[in-house]
Amino acid sequence: MTDRRGPALTRRHLLHAAGLGSMAAALAGLPHGPALADPAGGTAPGFTEVPVTRADRVTVPPGYTSRVLAPWGAPIVPGGPAWRPDAGNTAAQARLQIGTGHSGLHYLPMGPSREGVRNGLLVIGHAALDPTLLHTDGGRSDTAERVAKEIASLGATVIRVELTEGRWRQARDELNRRITADTPVVFSGPLAGHRALDTGADPSGTTGGSAHALTPWHTYLTGEEAFPDVFGSRNASWRPETTERAYGLTAGSARGWHRHHDRFDLARTPKEANRFGWVVEIDPFDPSAPPAKRTALGRIAHVGIAVAASRGRPVVYMSDVAHVYKFVAARPWEQTRTATGSPLDEGTLYALRLDRDGTGTWLPLTHGRTGLTVRDGFADRADVLLRARQAAAAVGATAFRGPGRPTVHPDTGEVYLPEAGDGGGGRLLVWTEGALDHAATVLAWREFAKAGGSGQGGVLTSPGGVFAGADGRVWITTDVARSAGAAGRGHPGNGALLCADPGTGRTRRFLTGPRGCGIAGVSATPDQRTLFVAVRGPGSSDARSGGPTAENPRAVGNWPGFDPKGRPRCAVVVVRKEDGGIIGT
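Cut-off values and rules
- Residues numbered from 1 in each chain as written.
- Predicted model: local features only at pLDDT ≥ 70, side-chain atom pairs only at ≥ 80, totals over all residues.
- Heavy atoms only, no water.
- pLDDT = per-residue confidence, 0-100.
- Contact = heavy atoms within 4.5 Å.
- Helix = DSSP H or I, 4+ residues; strand = E, 2+ residues; numbered from the N terminus.
- Core = buried A, V, L, I, M, F, W, Y, C linked by side-chain atoms within 4.5 Å.
- Buried < 20%, exposed > 50% of the residue type's maximum accessible area, 1.4 Å probe, protein only.
- Pairing = 2+ DSSP bridges.
- Axes fitted to C-alpha atoms, helices over the stretch in contact; angles between N-to-C directions.
- Phe/Tyr/Trp six-rings, centres within 6.5 Å; stacked < 30°, edge-to-face > 60°.
- Lys NZ or Arg CZ within 6 Å of the ring centre and 35° of its normal.
- Salt bridge = Lys/Arg side-chain N within 4 Å of Asp/Glu carboxyl O.

1. A short note on the confidence of the model for the protein
Then, number 1: On average, residues of the protein score 90 in pLDDT, and 89% of them reach the 70 mark or higher.
Then, number 2: When the criterion is pLDDT under 50, residues 8-40 qualifies, and its contacts beyond four places in sequence or with other chains add up to 41 contacts.

Okay, structure coming up:
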């Protein structure tokens, strides 16, 4: 099959990487990392801010259009099973349809320059489901078919999309496919073939995640944040041990898959859970390549992933439910990417500690150091990686309050990290690595924005992810529907997409989603003239109101189809400017 990959990095990324050495030499002695040069061309939001709303629709500024693309249940191939508004599609049909719980998404151009901005692959993560909306009976029946449909509805979708006659559409392509919890996978790195992952059966599946990033070699990274939901036990005497408790594994599963599949029963197949919680690398351009779980990056519940580079070595930033991590590869990726090896197979994993004086330290999760010795209960390197969440706590890493998806700014190299908070609305942090080197072990950090802070034209509540476009603007996604403290703070409106100027911190509300949704992912074409936005969970239960029922799945909302006999659907929204200009100007 002909490889149709587009360019790995934009020209701006390449210029930034080329300049790191000289900038590092100039600023190596500055401990607090002042703001670097403003991005070229200006990044101030230039649109009219949209208002807070509770409406069941997507709202964008005047001069912009929004259209729905790739909704849950749409067939991934021509002639595939059509969406049934009553949720009557079978598990077999769901395997041939776009999944639900739209989350992390990325656009990968197919070809250079002009071709790449009109033709590409869209990879969509499917991290969560609402059983009330997924099943005709609201998920009440405990059957093998119900479980099979849920397995088929999570994971990831790869589809080709193209811009024709001014509108983005899904296109016919051999690359279109689904990846689910039944898809064969492989393991690589330190735990490949390790006894801790040996269940006697071939490994399979990913449960999907919100985390998403692209590598310089055109692959897609995601995680498995909600994997504890699919495990449980039918054994009444089973009790979780320390590690299982640390990862949220309990006998009572949120999904109940263990009642129909022994692989998800913690008592019957105890090592199966060790096969989940890894960074999953998918090659969208090669359907024959199985997804690979990269064990050198540690086993956590990945909420966010971002990729940078240091002298050609991949650097991967990751967030868990409480900690933030960084993996620095041992060697440049161009030297280590082979048919049998990956640049992500060898390197050092770190956990982040932030100090009140505005500095921070990356703590290596290396076996033998204080807190990670045999005496401390860590047998070897593999054990540290397998229990990375416990290892981070053991070395004194900062316990964050709901860290989300980070991003690396393409001009400044600064790293942005959202923190949803615990009832306080959340904030956005930014830091500069020492000597402007992403492999550094020290950094300088500051608070970029805070809920209720001054200078914000939008409401920053429960930020879940950050995306820095190639033009330098910073996009912030929010998920107020699932914010534990939203009800007590007054109604902040529906989930939104905010646009921030990295130079001034000024923030404006660019888009609001329909009722009950979270804005869960953002990507753009290389020319920044199309923005793809993932809308997750429209019409689902939220923290401020009741939820849908089997009898009335439209109780919260009915976007995007508004079928009087249908139900709400997750989807990707395509935003464009009416004059064809750059989004956000």
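2. Thoughts on the environment of Gln390
Then, number 1: Note that Gln390 resides in helix H9 (residues 388-394).
Then, number 2: With 12 residues separating them in the primary sequence, Gln390 and Phe378 have C-alpha atoms 9.8 Å apart.
Then, number 3: Excluding its chain neighbours within four sequence positions, the residues that come into contact with Gln390 are Thr242, Thr243, Ala246, Tyr247 and Phe378.

3. A look at unusual backbone geometry
Then, number 1: In this chain, Trp559 is followed by Pro560 through a cis amide linkage whose omega measures 5°.
Then, number 2: Within the fold, Pro560 resides in the loop between strand S26 (530-536) and strand S27 (571-577).
Then, number 3: Phi at Glu165 is positive, roughly 55°, even though this residue is not glycine.
Then, number 4: Relative to the elements of secondary structure, Glu165 occurs in the loop between strand S4 (155-164) and strand S5 (167-171).
Then, number 5: Even without a glycine there, the phi angle at Ala435 is positive, about 55°.

4. Remarks on the nonpolar core
Then, number 1: Judged by nonpolar contacts, the single largest core of 55 residues is most densely connected at Phe231, Met318, Phe327 and Leu365.
Then, number 2: Only helix H5 (144-153), strand S13 (313-319), strand S14 (324-329), strand S15 (347-354), helix H8 (381-386) and H9 provide two or more residues apiece to this core.
Then, number 3: No other element matches the four residues that H8 contributes to this core.
Then, number 4: Excluding residues that lie within four positions of it along the chain, Leu365 makes contacts with Tyr325, Leu349, Tyr350, Ala351, Leu372, Val384, Ala388, Ala391, Ala392 and Val395.
Then, number 5: Formed by 22 residues, the second largest nonpolar core is a distinct cluster that contains Val58, Val522, Leu531 and Val575.

5. Some details on the sheet that holds strand S25 (residues 518-524)
Then, number 1: Within the open sheet, the four strands sit side by side as S1-S27-S26-S25. Their pairing is antiparallel. The open sheet has two edge strands, strand S1 (64-69) and S25, and neither has a second partner. Pairs of neighbouring strands in the sheet enclose a mean axial angle of 25°, with direction left out of account.
Then, number 2: Direction of pairing for S1 relative to S27: antiparallel, over a ladder of six bridges. Across the sheet, residue Val68 finds its bridge partner in S27, namely Val573.

6. Some remarks on the sheet that holds strand S18 (residues 415-419)
Then, number 1: Read across the open sheet, the nine strands follow the order S12-S13-S14-S15-S16-S20-S19-S18-S17; overall the sheet is antiparallel. The two strands at the open ends of the sheet, each matched to only one other strand, are strand S12 (304-310) and strand S17 (407-408).

7. Points about the packing of aromatic side chains
Then, number 1: Taken as a whole, this structure holds 16 aromatic pairs when the rule is applied.
Then, number 2: Taking the centre distance of 5.1 Å and the plane angle of 90° together, the rings of Tyr64 and Phe510 count as edge-to-face. Taken as a pair, Tyr64 in strand S1 and Phe510 in strand S24 (residues 507-512) lie far apart in primary sequence, 446 residues in all. Accessibility classification places Tyr64 together with Phe510 in one group, the buried group.
Then, number 3: On the numbers, 5.3 Å between centres and 85° between planes, the contact of Tyr416 with Phe448 is edge-to-face. Placement of the pair is Tyr416 in strand S18 and Phe448 in strand S20 (residues 442-450), with a sequence separation of 32 residues.
Then, number 4: Here the aromatic cluster, defined as three or more aromatic residues joined through ring pairs, consists of Phe47, Tyr64, Trp475 and Phe510.
Then, number 5: Sitting over the ring of Phe276, Lys293 keeps its end group 4.0 Å from the ring centre.
Then, number 6: In this structure, Arg569 packs its charged tip against the face of Trp83, placed 4.1 Å from the ring centre.

8. Structural notes on the environment of Val533
Then, number 1: Tracing the sequence through the fold places Val533 in strand S26.
Then, number 2: Apart from the residues lying within four places of it in its own chain, the contact partners of Val533 are Leu105, Leu497, Leu511, Ile519, Gly521, Ala571, Val572, Val573 and Val575.

9. Comments concerning the side chain of Glu272
Then, number 1: Within the element layout of this structure, Glu272 appears in the loop between helix H6 (242-246) and strand S10 (279-282).
Then, number 2: Setting aside anything within four residues of it in sequence, one finds Glu272 in contact with Thr199, Phe231 and Arg263.

10. With respect to the environment of Gly232
Then, number 1: Relative to the elements of secondary structure, Gly232 occurs in the loop between strand S9 (220-222) and H6.
Then, number 2: Sequence separation between Gly232 and Gly252 is 20 residues; the distance between their C-alpha atoms is 5.3 Å.

11. Structural notes on the pairing of S14
Then, number 1: In terms of residue burial, S14 counts as a mostly covered element, since six of its six residues are buried.
Then, number 2: The alternating pattern of S14 places Val324, Lys326 and Val328 on one face and Tyr325, Phe327 and Ala329 on the opposite face, and all of these are buried.
Then, number 3: Here S13 runs beside S14; their pairing, made up of five bridges, is antiparallel. When the sheet's bridge partners are listed, Val315 is paired in S14 with Val328.
Then, number 4: Adjacent in sequence and paired antiparallel, S13 and S14 are bridged by four residues.
Then, number 5: In terms of strand pairing, S14 meets S15 through five bridges, oriented antiparallel. Bridge pairing links Val328 to Thr348 in S15.

12. A short note on the pattern of salt bridges
Then, number 1: Taken as a whole and judged by the stated rule, the model has 28 salt bridges.
Then, number 2: For the salt bridge of Arg263 with Asp182, the shortest nitrogen-to-oxygen distance reads 3.7 Å. Residue Arg263 is located in the loop between H6 and S10, and its partner Asp182 is located in the loop between strand S6 (177-179) and strand S7 (186-188); the two are separated by 81 residues in the primary sequence.
Then, number 3: In this structure Arg263 comes out as buried when scored by relative accessible area, which is 17%.
Then, number 4: We classify Asp182 as partly exposed; its relative accessible area is 43%.
Then, number 5: Ionic pairing is found between Arg446 and Glu414, a salt bridge with its closest N-O pair at 3.5 Å.

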